[in-house]
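Reading the structure
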Amino acid sequence: MAQLAMKRVFKTRYFNRWMRKTELTDAALCVAVTEMEQGLIDADLGGGVLKKRIGLAGRGKRSGARTLVATNKAGRWFFVFGFEKNDRANISDDEQEALKDIAAQLLDRTDKQLNEALDDETLTEICHDHQANSKKPHP
């Protein structure tokens, strides 16, 4: 099934800082987005926020990382929050509400605003479907 809109996947500066302390890779995030596009999510928290488990090397998904992703499910995906299962069980209601607000703000951004966020490094783009340096075909 071909998609008309090109997929853009980002991670926030906050998520990127957290990610550096884990064994999580950009490649694993890209695989997770492909899975979510196929409906494989762990929870839809509403407000454009999905929860997705991602396995860490040698540990699998069950004891791996939990990521919270802001998405319109049409072509924009933002990794906004992450935690390891052994650090905490879940997020609080207040955190969930804050993430919904962040999701709304991110998803409302124009391409120009996204590019400005890339320039000032508040966002990093991964899974470059739209760039010539994409080496792997996406299913």
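Residues numbered from 1 in each chain as written. Predicted model: local features only at pLDDT ≥ 70, side-chain atom pairs only at ≥ 80, totals over all residues. Heavy atoms only, no water.

Quick look at the overall build of the chain
Rules: To qualify as a helix, a DSSP run of H or I must reach at least 4 residues; to qualify as a strand, a run of E must reach at least 2; elements of each kind are numbered from the N terminus. With residues, only the protein chains shown are counted as cover, and all accessible areas are computed by Shrake-Rupley using a 1.4 Å probe.
Within the chain, the regular secondary structure consists of four helices and six strands. Moving toward the C terminus, one meets the helices and strands of the chain in the order β-α-α-β-β-β-β-α-α-β. When the accessible area of the chain is evaluated, it comes to approximately 8000 Å², of which 50% is carbon and sulfur surface.

Focus on the state of the cysteines
Condition: Only a pair of cysteine sulfur atoms within 2.5 Å counts as a disulfide in this structure description. Each residue's exposure class comes from its accessible area (1.4 Å probe, protein chains only) as a fraction of the maximum for that residue type: buried when under 20%, exposed when over 50%, partly exposed otherwise.
Taken as a whole and assessed by the stated rule, the structure comprises one disulfide. There is a disulfide in this structure between Cys 30 and Cys 127, and the S-S distance comes to 1.9 Å. An S-S torsion of about -110° defines the bridge between Cys 30 and Cys 127 as left-handed. Note that Cys 30 is positioned in helix α2 (residues 26-37) and Cys 127 in the segment after β6 (123-126), a separation of 97 residues in sequence. Assigned by exposure class, Cys 30 and Cys 127 land together as buried.

Some words on unusual backbone geometry
Of note, the phi angle at Glu 121 is positive, near 65°, even though the residue is not glycine. On the secondary structure map, Glu 121 appears in the loop between α4 (111-119) and β6.

Here we look at the pattern of salt bridges
For the record, the criterion: One speaks of a salt bridge when a side-chain nitrogen belonging to Lys or Arg is within 4 Å of a carboxyl oxygen belonging to Asp or Glu.
Summed over all chains, the structure comprises ten salt bridges. The residue Lys 52 makes a salt bridge to Glu 35 at a minimum N-O spacing of 2.7 Å. With Lys 52 in strand β3 (residues 49-56) and Glu 35 in helix α2, this residue pair connects regions lying 17 residues apart in the sequence. Residue classification places Glu 35 among the buried positions, given a relative accessible area of 18%. Put simply, Asp 44 and Lys 73 hold a salt bridge, and the shortest N to O gap is 3.4 Å.

Section: the packing of aromatic side chains
Which entries qualify depends on this criterion: The pairing test for Phe, Tyr and Trp rings, Trp by its six-membered ring, is centres within 6.5 Å, and the orientation test on the planes gives stacked under 30 degrees, edge-to-face over 60, and tilted for anything in between.
Counted according to the given criterion, the structure contains five aromatic pairs. Taking 4.9 Å as the distance between ring centres and 15° as the angle between the ring planes, the aromatic pair formed by Phe 10 and Phe 78 counts as stacked. With Phe 10 in strand β1 (residues 8-12) and Phe 78 in strand β5 (residues 76-84), the pair connects residues that are 68 residues apart, well separated along the chain. Residue Phe 78 is classed as buried on the basis of its relative accessible area of 0%. When the centroid spacing of 5.5 Å and the interplanar angle of 45° are considered together, the rings of Phe 15 and Phe 79 count as tilted. Of this pair, Phe 15 sits in helix α1 (residues 13-20) while Phe 79 sits in strand β5; the two residues are 64 residues apart in sequence, bridging distant segments of the chain. The class for Phe 15 is buried, based on a relative accessible area of 0%.

Overview of the nonpolar core
Stated formally: Definition of nonpolar core: a set of buried residues of the types Ala, Val, Leu, Ile, Met, Phe, Trp, Tyr and Cys, connected through side-chain atoms within 4.5 Å.
Formed by 20 residues in total, the largest nonpolar core has its most connected members in Leu 24, Leu 29 and Phe 79. Among the elements of the structure, α1, α2, β3, β4 (60-71) and β5 are those that each provide at least two residues to this core. A per-element tally of this core places α2 first, with six residues. Counting residues in hydrophobic clusters, the runner-up holds 16 residues, among them Phe 10, Leu 45, Leu 68 and Leu 123.

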